[in-house]
Amino acid sequence: MEGNLNLTLKIWRQKNTQTAGKFETYQVSGISTDMSFLEMIDVLNNRLIEEGDDPVAFDHDCREGICGMCSMYINGRPHGPNRGVTTCQLHMRSFKDGETITVEPWRASAFPVIKDLVVNRSAFDRIIAAGGFISVNTGNAQDANSLPINKDNADDAFAAAACIGCGACVAACKNASAMLFTSAKISQLALLPQGQIEAATRAQAMVAQMDEEGFGACSNTGACEAECPKGISIENIARMNREYFSATFSSK
Amino acid sequence: MAWLTKSFNSSLGKKLLMAITGLFLISFLIVHCGLNATIFLNDGGVAFNEGAEFMGTNPVIRTMEIVLFAGLLLHIFDGLRLWLDNKKKRPVAYAVVDGSANSKWYSRSMGLLGTLLLLFLIIHLKHFWYFSRLTDDLTEAHTLYNEMQIVFQSPIVVVIYVLGCVSLGYHLLHGFQSAFQSLGWNHPKYSPTIKTIGTVYAVVISATFASMPIAFYFHLIH
């Protein structure tokens, strides 16, 4: 069909965490430009299954760009060439006929490969568990407007809360740093009155966990912000630095 | 004090130390560059030598010289530590990296630029600091200004100095604004100004320094 793409795919295949992986080359043809990148991989996987081969394992869930599951490093960039989108929202019209596309998993010591393009991101869950929560009374929810919140703070908190925890920031960072993720999870609470109760300990606990998981330090290159599908700002990292150091000097 | 060492050994603390020592070195460069720029008065080095005499004899300045070396060594030590730590965080490298799509090359190359600067600094300290502080060669007949005139007659030395200044310029271009981010100073009201000042500072400092060996080599100043 006219306008359809024939592509060469170089995909990272790795049996499990223990074994070393390598690139395999696949040819796909007749790919519609309206397909998403994941649908293109689905086409390849259908063929691999029919041929009796092992399909390419990859993470995906909502395919609406809101769950943060898909995680492919495409042609040297997390979530591929377009800004502000996850891999599931990347469409094949962003590629040219005859192009060779290299697909790799997120690479970080804190994100071990489970299989092929699937990595274990449970380190993120442990960072949140270390301090990304607030103390609230149980019982009936209080009236929505009983707590006055500055509009700017509410907006910034909401923007930070847009983080879907996909890990593109870690994948993009030359140091595999999780600063953007951790700072977004700290900011969404630090900006609101409900988050003040644990403010002194939250940043310290979450940063300590982040370091323990084996994420790198920040070089302030801004690559994370540029590649984040949700446009999380590195202003959050500066806020985390403030929270962390004020906690260092003021906590008991 | 365990809490303080713990904080400065965290990933955020290492960056804070980098920022504090970096800004301290940035403040030193203003003094160094300003004083050296007096050679462009073209007064045969009279003003420059007076300044150099003051810097070499004033007890406060001599004390600050020790603090400066301490700050420099801390900056180098911390940079090395960060570089060693960070490179362990991605044991399997990407086959394809499109770094220019999301960041500036010099922001990703601070370790390399810093290493080039260190190599340059060893040569530079040997030329002038060693001469003026650790030998008896500095006399009224053979001033620091005279030594500059002699050193910068070598085209190789001039090229090394210009390359050193280029490394310095790119290091500062990222380092200046990066220091404020590490200190947590990112604010819509101030950040654009900080970035502009950082760019102007990096260009002016490195260009002024680079023009000095060039001016001596081509006898533009006497």
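Please read all numbers here as calculations on a predicted model, not as lab measurements. (Residues numbered from 1 in each chain as written. Chains lettered and ligands numbered in written order. Predicted model: local features only at pLDDT ≥ 70, side-chain atom pairs only at ≥ 80, totals over all residues. Heavy atoms only, no water.)

A. Seen up close, the environment of N36 of chain B. Residue and element names in this part refer to chain B. By the secondary structure assignment, N36 is in helix α2 (residues 11-36). Overall, the relative accessible area of 10% leaves N36 in the buried class. The sequence separation of N36 and R81 amounts to 45 residues, and the corresponding C-alpha distance is 33 Å. Once you skip the residues sitting within four places of it in the chain, N36 turns out to touch F48, M148 and M212. (Helix = DSSP H or I, 4+ residues; strand = E, 2+ residues; numbered from the N terminus. Buried < 20%, exposed > 50% of the residue type's maximum accessible area, 1.4 Å probe, protein only. Contact = heavy atoms within 4.5 Å.)

B. Representation of the pattern of salt bridges within the structure. According to the stated counting rule, one finds 17 salt bridges over all chains in the structure shown. Here R47 of chain A makes a salt bridge to E51 of chain A, at a shortest N to O gap of 3.5 Å. A residue is classified by how much of its surface remains accessible, and R47 of chain A, at 29% relative accessible area, is partly exposed. For E51 of chain A, a relative accessible area of 49% puts it in the partly exposed group. Close ionic contact of R62 of chain B with E65 of chain B constitutes a salt bridge, the shortest N to O distance being 3.2 Å. A residue pair is termed a helical-turn pair when its members lie 3 or 4 positions apart in one helix, as R62 of chain B and E65 of chain B do in helix α4 (residues 59-87) at 3 residues. A relative accessible area of 33% places R62 of chain B in the partly exposed class. A cluster of three or more residues bridged by salt bridges with shared partners is formed by R13, D54, K115 and D116 of chain A. (Salt bridge = Lys/Arg side-chain N within 4 Å of Asp/Glu carboxyl O.)

C. Broad picture of the sheet that holds strand β3 (residues 73-74) of chain A. All names here are of chain A. Pairing is mixed across the open sheet formed by 5 strands, whose spatial order is β2-β1-β5-β3-β4. Strands at the two margins of the open sheet, each flanked by one partner only, are β2 (22-31) and β4 (77-78). Its contacts with the sheet put helix α1 (residues 37-50) on β1 (5-13), β2, β3 and β5 (100-104), and the angle it makes with β2 is roughly 100°. (Pairing = 2+ DSSP bridges. Axes fitted to C-alpha atoms, helices over the stretch in contact; angles between N-to-C directions.)

D. Local environment of the nonpolar core. Of all hydrophobic cores here, the largest spans 43 residues; its most connected members are V170 and F215 of chain A. Of all the secondary structure elements, the ones that give two or more residues to this core are α2 (122-131), α4 (168-172), α5 (179-190), α6 (199-212) and α8 (235-250) of chain A together with α2 of chain B. Looking at this core element by element, the count peaks at 6 residues for α5 of chain A. Ignoring sequence-local partners within four residues, the contact set of V170 of chain A consists of A108, F111, F124, A176, S177, A178 and F215 of chain A together with R90 of chain B. (Core = buried A, V, L, I, M, F, W, Y, C linked by side-chain atoms within 4.5 Å.)

E. How the structure looks around empty space enclosed by the protein. Residue and element names in this part refer to chain A. A complete count under the given rule lists 3 cavities of 30 Å³ or more for this structure. Quantified by volume, the largest cavity comes out at close to 130 Å³. Every residue lining the largest cavity is counted, 16 residues in all, and those nearest its centre are C173, C218, N220, T221 and C224. For the lining of the largest cavity, the elements supplying multiple residues, two or more each, are α5 and α7 (223-227). In the lining of the largest cavity, the residues fall into 9 nonpolar, 6 polar and 1 charged. Volume-wise, the second largest cavity comes out at about 100 Å³. (1 Å grid on protein atoms, 1.4 Å probe; cavity = no way out; pocket = protein on both sides within 12 Å on 5 of 7 lines; lining within 4 Å. Points joined across faces, edges and corners; volume = space filled by probe spheres on them. Nonpolar A, V, L, I, M, F, W, Y, C, P; charged D, E, K, R; others polar.)

F. A look at the packing of helix α7 (residues 155-182) of chain B against helix α8 (residues 191-217) of chain B. Residue and element names in this part refer to chain B. Between α7 and α8, whose axes approach to 8 Å, the crossing angle comes to 170°. By the angle between their axes, α7 is roughly antiparallel relative to α8. For the contact of α7 with α8, the per-class residue count stands at 20 nonpolar, 5 polar and 1 charged. (Parallel < 35°, antiparallel > 145°, perpendicular 65-115°, else oblique.)

G. Inspection of the packing of aromatic side chains at higher detail. As enumerated under the stated definition, the model contains 24 aromatic pairs over all chains in all. For the ring pair Y106 of chain B and Y170 of chain B, a centre distance of 5.4 Å and an interplane angle of 40° mean the geometry is tilted. Linking Y106 of chain B in the loop between α4 and α5 (110-134) with Y170 of chain B in helix α7, this pair joins segments that are 64 residues apart in sequence. Each member of the aromatic cluster is reached from another via a ring pair, and the members are F48, F120, F128, Y145, F152, Y161 and F216 of chain B. The cationic tip of K10 of chain A hangs over the ring face of F23 of chain A; the distance from NZ or CZ to the ring centre is 5.3 Å. Stacked on the ring of W12 of chain A, the Lys or Arg R107 of chain A has its end atom at 4.1 Å from the ring centre. (Phe/Tyr/Trp six-rings, centres within 6.5 Å; stacked < 30°, edge-to-face > 60°. Lys NZ or Arg CZ within 6 Å of the ring centre and 35° of its normal.)

H. Local environment of the interface of chain A and chain B. Residue-level contacts link 47 residues of chain A with 35 residues of chain B. With both chains or domains summed, chain A and chain B bury close to 3,300 Å², and 55% of this area falls on carbon and sulfur atoms. Here chain A and chain B share 0 salt bridges between them. Here chain A is connected to chain B by 25 residue pairs in polar contact (both at pLDDT 80 or more). Counting residues per element, the ones that place at least two in the side of chain A that touches chain B are β5, α4, α6, α7 and α8 of chain A. Residue contributions to the side of chain A that touches chain B peak at 10 residues, all from α8 of chain A. (Buried area = accessible area lost by both parts, 1.4 Å probe. Polar contact = N/O pair within 3.5 Å; in protein donor to acceptor, adjacent residues only side chain to side chain.)

I. View of the confidence of the model for chain B. The pLDDT averaged across chain B works out to 96; a share of 100% of its residues lies at or above 70. Here helix α1 (residues 2-8) of chain B is the element of chain B with the lowest mean pLDDT, 87, and α7 of chain B is the one with the highest, 98. (pLDDT = per-residue confidence, 0-100.)

J. Region of the structure containing unusual backbone geometry. Located in the positive-phi region is N220 of chain A, a residue other than glycine, with phi close to 55°. As for its placement among the helices and strands, N220 of chain A is situated in the loop between α6 and α7. Phi is positive for N42 of chain B, which is not a glycine, with a value near 55°. Following the sequence through the fold, N42 of chain B ends up in the loop between α2 and α3 (46-57).

K. Fine view of the side chain of E65 of chain B. Since its relative accessible area comes to 11%, E65 of chain B is described here as buried. When sequence neighbours within four positions are dropped, the list of residues in contact with E65 of chain B reads W129 and R133 of chain B.

L. Main features of the pairing of β1 of chain A. All names here are of chain A. Across the 9 residues of β1, 7 count as buried, placing the element largely inside the fold. Here β1 pairs with β2 via 8 bridges, running antiparallel. Its bridge partner lying in β2, L9 is registered against Y26. Both β1 and β5 contribute to a ladder of 4 bridges, which runs parallel. What sits directly across from K10, in β5, is T102.

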